[in-house]
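Observations on the three-dimensional arrangement
So you can see what is in the structure, the chains are spelled out below.
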Amino acid sequence: MNPQPFCRWTMTHSRVRGLSLSFQGCDTELLLPQDDACIPLQPVMVVKSGAEPSAISFMGALRIPGVVEFSLCLLFAKLVSYTFLFWLPLYITKAAHLDAKRAGDLSTLFDVGGIVGGVLAGVISDKLGKRATTCAVMLLLAAPTLYGFSMISQFGLGPTIGMLLVCGALVNGPYALITTAVSADLGTHKSLKGNARALSTVTAIIDGTGSVGAALGPLLAGLLSSYGWDKVFYMLMAADFFALLLLLRLVTNEMTSSKSGPISPVELKKH
């Protein structure tokens, strides 16, 4: 009698937690797929990303073409803007012979003109693609306008309101353009070769340099006002003139550039 090819496993009287388990006649079978199915192996590609570019240094940011010029230009532009911000109510009180409340209300028109000037500067520079040229033209017009304001403000309320709006637009237009669009353009300049980790450093350098002018302007105005308000306006016109001089090289590069029409970055030649 030949033994049958099966395996029988019997477990009797096994107790687990009071339960009697009985396994009898458990034929074991190997559970395998009937077909010899071949599962193809998918190749796994490991792509190593290149090292991220490091943040630009302070000296590296200064070497970007246009950063030094625009930073110093903003210094003088902020000097003029903040001098008007702090000393304009007092000047209107003295020149137009108004009380302090009306002079304070009237001085807000300078900021209203600044809003219009900032919008115009942005629109014009986007259409022309020439940031430095837009700032230079507005600064060129601002200097004689400041002198005109010092003369016309003595002739009544109407001319004073008009000149305040014009002065605010021409003075704050370049200031607004440099701190926004110009800083963004320089922070992503083509000389950085795609390294986007320079925008914060460039913006800090430009705006921080401008803050020096914001501190110096009211201080100088306070010292010069004792010698007459004409001296204060001469100082403001000189500041606009220096800001214009700092942009002459960039304006020349933009005017001689082969590209024309609206462009997104500032086209500045390398040093």
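Cut-offs used in this document
Residues numbered from 1 in each chain as written. Predicted model: local features only at pLDDT ≥ 70, side-chain atom pairs only at ≥ 80, totals over all residues. Heavy atoms only, no water. Phe/Tyr/Trp six-rings, centres within 6.5 Å; stacked < 30°, edge-to-face > 60°. Patch = residues over 30% accessible without salt bridge, like charges linked within 9 Å, V, L, I, M, F, W, Y side chains within 5 Å. Areas by Shrake-Rupley, 256 points an atom, 1.4 Å probe, with all protein chains shown as cover. Salt bridge = Lys/Arg side-chain N within 4 Å of Asp/Glu carboxyl O. Helix = DSSP H or I, 4+ residues; strand = E, 2+ residues; numbered from the N terminus. Buried < 20%, exposed > 50% of the residue type's maximum accessible area, 1.4 Å probe, protein only. Core = buried A, V, L, I, M, F, W, Y, C linked by side-chain atoms within 4.5 Å. Contact = heavy atoms within 4.5 Å. Axes fitted to C-alpha atoms, helices over the stretch in contact; angles between N-to-C directions. Parallel < 35°, antiparallel > 145°, perpendicular 65-115°, else oblique. Left-handed = near helix turned anticlockwise from the far one by under 90°. Nonpolar A, V, L, I, M, F, W, Y, C, P; charged D, E, K, R; others polar.

An unreviewed UniProt entry lists the protein under the name Solute carrier family 37 member 1, from Oryzias sinensis.

For the rest of this paragraph, the subject is the packing of aromatic side chains. Summed over the entire model, instances satisfying the criterion amount to eleven aromatic pairs. Feature note: the residues F84, W87, Y91, F110, F149, W229 and F233 constitute an aromatic cluster, connected by ring pairs.

Take a nonpolar patch on the surface next. Taken together, the side chains of I115, V116, V119, L120, V123, I124 and L128 present a nonpolar region at the surface, about 610 Å² in accessible area. Looking at where L120 falls in the secondary structure, it is placed in helix α3 (residues 100-128). Exposure remark for L120: the relative accessible area of 44% places this residue in the partly exposed category.

If you look at the biggest cluster of nonpolar residues, it comprises 55 residues, and the most contacted ones within it are F84, F149 and L236. Per-element accounting of this core gives the leading share, twelve residues, to helix α2 (residues 67-95). Ignoring any residue separated from it by four or fewer positions in sequence, one finds F84 in contact with P89, F110, L146, F149, F233 and L236.

What follows is about the packing of helix α4 (residues 131-152) against helix α5 (residues 157-187). One can describe the packing of α4 onto α5 by two numbers: an axis separation of 9 Å at closest approach and a directional angle of 155°. As the angle between them shows, α4 and α5 are arranged roughly antiparallel. With respect to the hand of their crossing, α4 and α5 are arranged in left-handed fashion. Of the residues belonging to the contact of α4 with α5, the class tally is 21 nonpolar, five polar and two charged.

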